[in-house]
Amino acid sequence: MERQGVDMPLAQCKDQEPRPLGASREQQRGEESCEKEAGWEPASANSQLMMLEGKSGPYFSSLDSSIEILKKRAQELIESINESRQKDHVLMTNFRDSLKIKISDLTEKLEERLYLLYNHHNKIIQEKLQEFTQKMAKISHLETELKQVCQTVETVYKDFQDLCVQPEATSLEEEQTHKDGEC
């Protein structure tokens, strides 16, 4: 920022040292002439009062202009910050919208893949269930055949038992008859 106000040559005032208390009149007059050359005048009580009240004075006018410049710059910075925030808000809104679209697309693709996977598994399960049903029907058929075989074996066993018991009974009768005949 450019410094406004005092145009005093640096070399002239640079050599000056602060006045000690009780400095001589000649030194004070020499310093006053240096101040007049630089645009500074020794302030009388009236002029100091006017300057303090903000009515006039080169120092206060340059200070006022510096303050105005600072206020203007601060306002520009605030506006710049607000614009940046608005841009950031728009950017975040666009990012959020874009992210929502991408998430929606990814979710849709995931659902499609899940449905394809479900269909594949359903086909496998259906095939296994069909095989299971066929095997259960075959087991049921074999169970029926086994029952028939068991009944046949039982019938043959009974018939065989009847045949075996009958000859014994017949031989007992013959023996009985034989004994009766001898008597």
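Residues numbered from 1 in each chain as written. Predicted model: local features only at pLDDT ≥ 70, side-chain atom pairs only at ≥ 80, totals over all residues. Heavy atoms only, no water.

For the protein, an unreviewed UniProt entry supplies the name Synaptonemal complex central element protein 2 and the organism Pipistrellus kuhlii.

A. Structural detail: the overall build of the protein. When its secondary structure is counted, the protein shows four helices and zero strands. Its helices and strands in sequence order give the protein the pattern α-α-α-α, from N to C terminus. The buried share of the protein, taken over its 183 residues, is 3%. Surface accessibility of the protein: about 17100 Å² in total, with carbon and sulfur atoms responsible for 57%. (Helix = DSSP H or I, 4+ residues; strand = E, 2+ residues; numbered from the N terminus. Buried < 20%, exposed > 50% of the residue type's maximum accessible area, 1.4 Å probe, protein only. Areas by Shrake-Rupley, 256 points an atom, 1.4 Å probe, with all protein chains shown as cover.)

B. Fine view of the pattern of salt bridges. For the coordinates displayed, the defined rule picks out three salt bridges. Between Arg-73 and Glu-76 there is a salt bridge, and its shortest N-O distance comes to 3.7 Å. Taken as a pair, Arg-73 and Glu-76 lie in helix H4 (residues 58-182) at a separation of three residues, close to a single helical turn. Between Lys-158 and Glu-154 there is a salt bridge, with the nearest N and O atoms lying 3.7 Å from each other. Taken together, the residues span about one helical turn, with Lys-158 and Glu-154 both in helix H4 at a distance of four residues. (Salt bridge = Lys/Arg side-chain N within 4 Å of Asp/Glu carboxyl O.)

C. Quick peek at a nonpolar patch on the surface. Judged by side-chain polarity, Leu-110, Leu-114, Tyr-115, Leu-117 and Tyr-118 come together as a nonpolar surface patch covering roughly 500 Å² of accessible area. Looking at the element boundaries, Leu-117 is found in helix H4. (Patch = residues over 30% accessible without salt bridge, like charges linked within 9 Å, V, L, I, M, F, W, Y side chains within 5 Å.)

D. Spotlight on the packing of aromatic side chains. Scanning all chains against the criterion turns up one aromatic pair. Taking the centre distance of 6.4 Å and the plane angle of 70° together, the rings of Tyr-115 and Tyr-118 count as edge-to-face. In this pair, Tyr-115 and Tyr-118 both sit in helix H4, three residues apart, roughly one turn of the helix. (Phe/Tyr/Trp six-rings, centres within 6.5 Å; stacked < 30°, edge-to-face > 60°.)

E. Fine view of the confidence of the model for the protein. Here the protein averages 75 in pLDDT, while 58% of its residues score no lower than 70. Per-residue pLDDT, averaged within each element of the protein, yields its smallest value for helix H1 (residues 10-14) (41) and its largest for H4 (89). Throughout residues 1-28 the model reports pLDDT below 50, and contacts reaching past four residues in sequence, or to other chains, amount to 18 contacts. In the predicted structure, residues 33-43 sits below a pLDDT of 50 and forms 17 contacts with residues beyond four places in sequence or in another chain. (pLDDT = per-residue confidence, 0-100. Contact = heavy atoms within 4.5 Å.)

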